[in-house]
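# Structure at a glance
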Amino acid sequence: AEAVYTRLKERDIDVVLTEIIPGPEGSFWGYYTYVDEAGNLLFEFTKRKLRQYPLGFGLGTLHRMETNEAVFEIGRRFVKAADLRGLVNVEFKRDERNGEYVFIECNHRITNANALMVAAGIDLGFFVYDRLTGREPRPVVVERDDLALWWPVRDTSAALGMLRARKLTLREWWHGLRGRIITPAFRLNDPRPT
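Let me sum up the structure you'll find in this document. Model, not experiment: these values are computed from the prediction.

## What about helix α2 (residues 69-82)?
- Relative to the 20 Å expected for 14 residues at 1.5 Å per residue, α2 spans 20 Å between its end C-alpha atoms, a close match to the ideal helical length.
- Along α2, the residues that are buried comprise V71, F72, I74, G75 and V79.
- Tucked into the core, α2 has its buried residues touching β1 (28-35), β2 (41-53), β4 (86-94) and β5 (101-107).
- Its side-chain oxygen at 3.0 Å from the backbone nitrogen of A70, N68 defines the N-terminal cap of α2.
- Positive backbone phi, at 55 degrees, marks D83, one or two positions downstream of α2.

## Observations regarding the nonpolar core
- In terms of nonpolar packing, the biggest core is built from 19 residues, with F43, F45, M65, M117, I122, L124 and L147 touching the most fellow members.
- Secondary-structure elements contributing two or more residues to this core are β1, β2, α3 (114-119), α4 (124-132) and β6 (147-150).
- Among the elements that line this core, the one with the most residues is α3, at four residues.
- Excluding residues within four positions of it along the chain, M117 makes contact with Y32, F45, K47, T111, I122 and L124.

## Quick notes on unusual backbone geometry
- With an omega of -5 degrees, the peptide bond running from Y53 to P54 counts as cis.
- With respect to the helices and strands, the residue P54 is situated in the loop between β2 and β3 (59-65).
- Positive phi, close to 65 degrees, is recorded for D12, a residue that is not glycine.
- Along the chain, the position of D12 falls in the loop between α1 (2-10) and β1.
- In this structure D12 comes out as exposed when scored by relative accessible area, which is 68%.
- In this structure, R166 is a non-glycine residue whose phi angle is positive, near 60 degrees.
- Mapping R166 onto the fold places it in the loop between α5 (152-164) and α6 (170-176).

## As for the sheet that holds β6
- In spatial order, the strands read β5-β4-β1-β2-β3-β6-β7; together these seven strands make up an open sheet with mixed pairing. Bordering the open sheet on either side are β5 and β7 (180-182), each of which pairs with just one other strand. Neighbour-to-neighbour, the strand axes of this sheet turn through a mean angle of 30 degrees, independent of strand direction.
- Here seven bridges tie β1 to β2, and the two strands are oriented antiparallel to one another. Looking at the pairing, F28 lines up with K49 of β2.
- Each of β1, β2 and β4 is contacted by α4, which is oriented at about 145 degrees to β2, the strand it contacts most.

## Comments concerning α4
- Where α4 is concerned, the buried positions are L124, F127, V128 and D130. Down the axis of α4, the buried set is contained in an arc of 160 degrees. They therefore lie on one face.
- Two residues or fewer past α4, G134 is found with a positive phi of approximately 80 degrees.

## Quick word on the pairing of β1
- Of all eight residues in β1, eight are buried, a share of seventy percent or more.
- On β1, burial covers both faces: F28, G30, Y32 and Y34 on one face and W29, Y31, T33 and V35 on the other are all buried.
- With antiparallel pairing between neighbouring strands as the criterion, β1 and β2 make up a hairpin whose turn holds five residues, including G39 at a positive phi of roughly 90 degrees.
- Relative to β4, β1 is paired through eight bridges, and the arrangement is antiparallel. For F28, the partnering residue across the bridge sits in β4 and is K93.

Cut-offs used in this document
- Residues numbered from 1 in each chain as written.
- Predicted model: local features only at pLDDT ≥ 70, side-chain atom pairs only at ≥ 80, totals over all residues.
- Heavy atoms only, no water.
- Helix = DSSP H or I, 4+ residues; strand = E, 2+ residues; numbered from the N terminus.
- Expected span 1.5 Å × (residues − 1).
- Buried < 20%, exposed > 50% of the residue type's maximum accessible area, 1.4 Å probe, protein only.
- Contact = heavy atoms within 4.5 Å.
- Polar contact = N/O pair within 3.5 Å; in protein donor to acceptor, adjacent residues only side chain to side chain.
- Core = buried A, V, L, I, M, F, W, Y, C linked by side-chain atoms within 4.5 Å.
- Pairing = 2+ DSSP bridges.
- Axes fitted to C-alpha atoms, helices over the stretch in contact; angles between N-to-C directions.
- Arc of directions from axis to C-beta.

Given below as structure tokens:
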């Protein structure tokens, strides 16, 4: 890595080296908040990414609304230290070597798990719109902690890869689909967009 880094720097190419944090696919956690102009957190919630595809580095295929107090704490510290404002999503991965939550990335946008949040009573799009237009935002209250967002086609690929690698059992796969399942596109009450 050092040799490649040196060669690229000699060619004036900027490089960032990052560590791959060890741990199973279900070790990814997201912390969401909206920080107003004065630095107040207007809401907070956490969610877990249980599977992704491609394995290890892909988009989430199964997300679950789950409360994680440790992620709340580290998320708050990150937001304060970075002096962030507006809509914030900070992703962490729990390092299997020491149990610590390691920073992965920070996004100032709505993420691909938005359908899960809307089903849980958190419409981030409307909340941000109301803030930007000076309206009083609708209250953000997580109504359900048993919701999962499932991308069936991509998750099948993820699950098959994990089953082949012996990183998932059929029982664990089935257990991940407990509770109320939301899909990103199909709705029985609005099938046309699908």
